[in-house]
Amino acid sequence: MKKLFILFFASILFYSCGKEEPVKIETFSTEAFAYDIGDGWEVNATTRVKGFVQKEEKNNYSATIAYDIDLVTPAGDTVKALISRVEDKTAKEKIIDIPLEAQFELDTTYAAGDYKVIFNVKDVSSNQTAISETSFHLAKD
């Protein structure tokens, strides 16, 4: 009985240690702010991504992240894919996270008020997606 218990415990330990947790893409530290540039605003938005799939080839690690940025106006209207980009990252060591940045201008047709920036992020290798959002305010100084 004791041998059976040890064999059972060892097999459970082996099975649980041998199984890797699936990688889950996630975004964090999302920020946005706007500067009044006289005839409109310049908006800067950033987020960071981790948990993406990395490919290793010849001692180099690479990852590809695609992202769109949607803009939600104070009236609740959404401008889809205001910005669309693909970020290819290569490094000699494993990549911990990837910063994503966007900079765009809004002219005077955009009213003062609270806006929302939405990052729609996709890991090209795994097809996993993540969404993050943050708000910013437009106002004349």
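Look up a bit, the structure's there.
Rules and cut-offs
Residues numbered from 1 in each chain as written. Predicted model: local features only at pLDDT ≥ 70, side-chain atom pairs only at ≥ 80, totals over all residues. Heavy atoms only, no water. 1 Å grid on protein atoms, 1.4 Å probe; cavity = no way out; pocket = protein on both sides within 12 Å on 5 of 7 lines; lining within 4 Å. Points joined across faces, edges and corners; volume = space filled by probe spheres on them. Phe/Tyr/Trp six-rings, centres within 6.5 Å; stacked < 30°, edge-to-face > 60°. Buried < 20%, exposed > 50% of the residue type's maximum accessible area, 1.4 Å probe, protein only. Helix = DSSP H or I, 4+ residues; strand = E, 2+ residues; numbered from the N terminus. Salt bridge = Lys/Arg side-chain N within 4 Å of Asp/Glu carboxyl O.

To continue, consider the layout of surface pockets. Empty space among the atoms becomes visible once a probe the size of a water molecule is rolled across them. Put simply, the largest pocket is a space of about 200 Å³. If you go around the largest pocket, the residues you meet are V23, G51, F52, V53, Q54, K55, E56, Y61, K94, I95 and I96.

The full count for this structure, using the stated rule, is four aromatic pairs. Between F33 and Y35, the ring centres sit 5.5 Å apart and the planes meet at 85°, which makes this aromatic pair edge-to-face. The class for F33 is partly exposed, based on a relative accessible area of 37%. Y35 gets classed as partly exposed once you look at its relative accessible area, which sits at 46%. For the pair Y115 and F136, a centre-to-centre distance of 5.6 Å together with 15° between the ring planes defines the contact as stacked. Taken together, the positions of Y115 in strand β7 (residues 113-123) and F136 in strand β8 (residues 129-138) put the pair 21 residues apart, joining distant regions of the chain.

Following the criterion strictly, the structure yields three salt bridges and no others. D97 is the partner of R48 in a salt bridge, and the nearest nitrogen-oxygen pair spans 2.8 Å. With a gap of 49 residues between them, R48 in strand β2 (residues 40-50) and D97 in the loop between β5 (78-91) and β6 (98-107) connect regions that are remote in the sequence.

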